[in-house]
Amino acid sequence: MMTRIRKMFLGGNTGYGFYSFYEQVVSGESAKTYILKGGPGTGKSSFMRQIAVQLLGYGYSLEEYYCSSDSNSLDGIYIPSLGVFMVDGTAPHVIDPKHPGVVESVIDLADYWDEIALQHNRDAVQAGVNRSSFLFRRAYAYLRLARELNDEIESYIRELGALDLVGLNRVAAITIQELLGNASPCLQPARERHLFASAITPQGLVNHLPTLVAGSTTRVLIRGTAGTGRTTIISKVLAAAQQRNYDVEVYHCALDPERIDHVLIPKLGITICNASEPHVISCAVGDIVIDTLNYVDCDKLAPYVNDLAGLRDAYQAALAEAIAFIVRAHQNHAYLESLYVPQMDFRRVAERRAGRYHTCLSQRRAGGRGAGSPEAGRL
């Protein structure tokens, strides 16, 4: 079985503040979960990355969860064939064990810092933490403004009656019939996973959608601008899959997580996604492409074209201001890390990581290794 890395976000900087799906990782299921604790610069991301590299070397497929406040930093990993999660459980996505020692275990990297030495930086640490909170509040204010401006753009289309809802409902019904018309309903209870494929980060708008749709055999790409009914079609396909009891992965909008951007139905190899900015995806042979602009009466919008252009410019400006504050928060976090790093005993952290890596592999000997596990029968 081909090794594969799927990348996504469990939390995001949104128009509602920080929005988290981290609780979905610690869901009370049978997966063994390791929750990492510790301050900035204690090596949580590196801890997970080194384990991920080793597991990939053995041929395991992984899910990698990235940090929306630094898209180069890992917030978690999942090894499906081992049934093992490892996740950063510190603020702003605080996770505590629900079944301590049975399902979840805590790895506290604070055990490996020199607390007495850290006390010398007490004032600097407290000031840095307060500065981070201040900067993120500013960022979230601008993201809230961007979300409201986007809603205002959509209200023009809606209130002017410029959207052909009958046509949208028709194309949604045709799409559902084409995708699910011959699919037999599942008898077992379905599972939903709610995640982000993209995030608003210090590196800008980062999108991992290509890694998620790579295994799909049927792809529906929805194109169009804000307010043209993309979410309407995607939500109707999701509802149809739910009625048939299929497991689904639901990927939410990075700015407005109350909206759905993409839906994957893994068992059927189906992806239906919003293929507009910022998550543009190249069209391949066999893709079904729906352009929702075809269902907009542009004549009704013509008297307000300058208004809409002004709203779009204001939206982009608000988004740019938000990202600028997130960049400053990221720089401040790097400063906080610089206060912790010299006080860490990373040799002992490496020893703990090596021990946990071997535990991840050996803990499932009795039945956790699926048939697809390259280590089955060998460890």
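Residues numbered from 1 in each chain as written. Predicted model: local features only at pLDDT ≥ 70, side-chain atom pairs only at ≥ 80, totals over all residues. Heavy atoms only, no water.

Enquirer: Help me understand helix H1 (residues 44-57), please; the structure alone is not making it clear to me.
Expert: Given 3.6 residues per helical turn, the α-helix brings residues three or four places apart onto the same face. Taking 1.5 Å as the rise per residue, H1 with 14 residues should run 20 Å; its terminal C-alpha atoms sit 20 Å apart, in good agreement. Within H1 the residues assigned to the buried category are Lys 44, Ser 45, Phe 47, Met 48, Ile 51, Ala 52 and Leu 55. Here the buried residues of H1 occupy an arc of 160 degrees about the axis, which is enough to place them on one side. Positive phi shows up at Gly 59, right after H1, with a value of about 95 degrees. (Helix = DSSP H or I, 4+ residues; strand = E, 2+ residues; numbered from the N terminus. Expected span 1.5 Å × (residues − 1). Buried < 20%, exposed > 50% of the residue type's maximum accessible area, 1.4 Å probe, protein only. Arc of directions from axis to C-beta.)

Enquirer: Could you clarify how one ought to interpret the packing of aromatic side chains in this entry?
Expert: The geometry of an aromatic ring pair is captured by two quantities: the separation of the ring centres and the angle between the planes. Applying the stated criterion across every chain yields a total of 8 aromatic pairs. Residues Tyr 19 and Phe 196 carry aromatic rings whose centres are separated by 6.4 Å and whose planes lie at 85 degrees to one another, so their mutual orientation is edge-to-face. Of this pair, Tyr 19 sits in strand E3 (residues 17-20) while Phe 196 sits in strand E9 (residues 192-196), placing them 177 residues apart in sequence. When the centroid spacing of 6.0 Å and the interplanar angle of 20 degrees are considered together, the rings of Tyr 142 and Phe 325 count as stacked. On the criterion of sequence distance, the pair formed by Tyr 142 in helix H3 (residues 122-159) and Phe 325 in helix H8 (residues 305-340) is long-range, its members being 183 residues apart. In textbook terms, an aromatic cluster arises when at least three aromatic residues are bridged by ring pairs, as seen for Tyr 19, Phe 21 and Phe 196. The residue whose ring lies beneath Arg 138 is Phe 134, and the NZ or CZ to ring-centre distance is 4.6 Å. We note Arg 147 situated over the ring of Tyr 16; from NZ or CZ to the ring centre the distance is 4.0 Å. (Phe/Tyr/Trp six-rings, centres within 6.5 Å; stacked < 30°, edge-to-face > 60°. Lys NZ or Arg CZ within 6 Å of the ring centre and 35° of its normal.)

Enquirer: Just checking my understanding: could you explain the packing of helix H4 (residues 165-180) against helix H6 (residues 230-243) for this structure?
Expert: The geometry of a pair of packed helices is captured by two quantities: the angle between their axes and the separation between those axes. Viewed as axis vectors pointing N to C, H4 and H6 meet at an angle of 40 degrees, and their least axial separation amounts to 9 Å. When the interaxial angle is binned, H4 and H6 end up oblique. The crossing of H4 and H6 is right-handed. Between H4 and H6, the residues in contact are Leu 168, Asn 169, Val 171, Ala 172, Thr 175, Ile 176, Leu 179 and Leu 180 and Thr 232, Ile 233, Lys 236, Val 237, Ala 240 and Ala 241, respectively. When grouped by side-chain class, the residues that make up the contact of H4 with H6 number 10 nonpolar, 3 polar and 1 charged. (Axes fitted to C-alpha atoms, helices over the stretch in contact; angles between N-to-C directions. Parallel < 35°, antiparallel > 145°, perpendicular 65-115°, else oblique. Left-handed = near helix turned anticlockwise from the far one by under 90°. Contact = heavy atoms within 4.5 Å. Nonpolar A, V, L, I, M, F, W, Y, C, P; charged D, E, K, R; others polar.)

Enquirer: Quick question: what am I supposed to make of the pairing of strand E5 (residues 62-67) here?
Expert: Within a regular strand, side chains alternate between the sheet's two faces. Where burial is concerned, most of E5 is hidden: 6 out of the 6 residues are buried. In the sheet, strand E1 (residues 5-9) pairs with E5 via 5 bridges, with the strands oriented parallel. Within E5, the residue paired with Ile 5 across the bridge is Leu 62. Sheet topology note: the E5/strand E6 (residues 70-79) ladder contains 5 bridges and is antiparallel. Among the inter-strand pairings, Glu 64 is bridged to a residue of E6, identified as Ile 77. Taking the residues between adjacent antiparallel strands as the criterion, E5 and E6 are bridged by 2 residues. (Pairing = 2+ DSSP bridges.)

Enquirer: Would you take a moment to explain the pattern of salt bridges for this structure?
Expert: Side chains bearing opposite charge may pair, as long as their charged atoms lie close to each other. Applying the stated criterion across every chain yields a total of 11 salt bridges. Across the salt bridge formed by Lys 37 and Asp 96, the nearest N and O atoms sit 3.2 Å from each other. Of this pair, Lys 37 sits in strand E4 (residues 32-37) while Asp 96 sits in the loop between strand E7 (84-88) and strand E8 (104-108); the two residues are 59 residues apart in sequence, bridging distant segments of the chain. Its relative accessible area of 47% is what places Asp 96 among the partly exposed residues. One salt bridge in this structure joins Arg 259 and Asp 256, with 3.0 Å as the shortest N-O distance. By relative accessible area, Asp 256 is classed as buried at 7%. Among the charged side chains, a network of salt bridges with common partners joins Arg 147, Asp 151, Glu 154, Asp 256 and Arg 259. (Salt bridge = Lys/Arg side-chain N within 4 Å of Asp/Glu carboxyl O.)

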